[in-house]
Amino acid sequence: MTCEDTQPTRLAWEIQLYEPCTSMWMPRCYGRATTTAQPYDIAHAALTAYLAITTVWPGQDFRALVQPDGAPPVTVTAGQLPDGWKAGPDVLQALPHYLRRALAVVG
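The shown structure was predicted, so the numbers you read here are calculated from the model rather than taken from an experiment. (Residues numbered from 1 in each chain as written. Predicted model: local features only at pLDDT ≥ 70, side-chain atom pairs only at ≥ 80, totals over all residues. Heavy atoms only, no water.)

Engineer: Looking at this structure, how should I read helix H1 (residues 39–53)?
Structural biologist: Since the α-helix turns once every 3.6 residues, residues separated by three or four places project in the same direction. The terminal C-alpha atoms of H1, which comprises 15 residues, lie 21 Å apart, in line with the 21 Å expected from a rise of 1.5 Å per residue. Among the residues making up H1, those that are buried are Pro39, Ile42, Ala43, His44, Ala45, Ala46, Leu47, Thr48, Ala49 and Tyr50. (Helix = DSSP H or I, 4+ residues; strand = E, 2+ residues; numbered from the N terminus. Expected span 1.5 Å × (residues − 1). Buried < 20%, exposed > 50% of the residue type's maximum accessible area, 1.4 Å probe, protein only.)

Quick look at the structure:
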């Protein structure tokens, strides 16, 4: 690992709900962070935590979209969330307190 591997990256993340009537993804929750965590890990953690604190009705589709500065976006759907995954300290630091607390309950 080099020092370039640990440079913090600015990113914006967003939890989205698919609205079938309009065929659009609607934003539900969002945030920004400067972190050394991987964008996929941020998307995974934010989506897992959000789904833990919200009521999900049958047929609703959620996804997390993370857009790092100067890099392609990363998308994680609810169906891509593996069991037994644990968020690292760098991931937790990038999330707001209410999502960190939700991850503690889930994990």
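Engineer: Which parts of the structure should I look at to understand the packing of aromatic side chains?
Structural biologist: The geometry of an aromatic ring pair comes down to the distance between the two centres and the angle between the two planes. For the coordinates displayed, the defined rule picks out two aromatic pairs. On the numbers, 5.9 Å between centres and 55 degrees between planes, the contact of tyrosine 50 with phenylalanine 62 is tilted. One end of the pair, tyrosine 50, is in helix H1; the other, phenylalanine 62, is in strand S3 (residues 62–68), with 12 residues separating them in the sequence. (Phe/Tyr/Trp six-rings, centres within 6.5 Å; stacked < 30°, edge-to-face > 60°.)

Engineer: Would you take a moment to explain the sheet that holds strand S4 (residues 74–77) for this structure?
Structural biologist: Adjacent strands of a sheet form backbone hydrogen bonds with each other and so pair up, either parallel or antiparallel. With antiparallel pairing, four strands are arranged side by side in an open sheet as S2-S1-S3-S4. The outermost strands of the open sheet, each flanked by one partner alone, are strand S2 (24–35) and S4. Put simply, the sheet's adjacent strands are angled 20 degrees from each other on average, direction ignored. Bridging between S3 and S4 involves four bridges; their strand directions are antiparallel. Among the inter-strand pairings, valine 66 is bridged to a residue of S4, identified as valine 74. (Pairing = 2+ DSSP bridges. Axes fitted to C-alpha atoms, helices over the stretch in contact; angles between N-to-C directions.)

Engineer: What's the story with the environment of proline 96 in this structure? I'm lost.
Structural biologist: Inspection of the secondary structure puts proline 96 in the loop between helix H2 (89–94) and helix H3 (97–106). Along the sequence, proline 96 and arginine 32 sit 64 residues apart, while their C-alpha atoms lie 9.3 Å from each other.

Engineer: Can you help me understand the packing of H1 against H3 in this one?
Structural biologist: In helix packing, the relevant descriptors are the interaxial angle and the interaxial distance, both defined with respect to the helix axes. Where H1 meets H3, the closest approach of the two axes is 8 Å, and the angle between their N-to-C directions is 80 degrees. Here H1 is positioned roughly perpendicular relative to H3, judged by the angle of their axes. Counted together, Ala45, Thr48, Ala49, Tyr50, Ala52 and Ile53 of H1 and Tyr98, Leu99, Ala102, Leu103 and Val106 of H3 form the full contact between these two elements. Along the lines of polarity and charge, the residues of the contact of H1 with H3 split into 10 nonpolar, one polar and no charged. (Parallel < 35°, antiparallel > 145°, perpendicular 65-115°, else oblique. Contact = heavy atoms within 4.5 Å. Nonpolar A, V, L, I, M, F, W, Y, C, P; charged D, E, K, R; others polar.)

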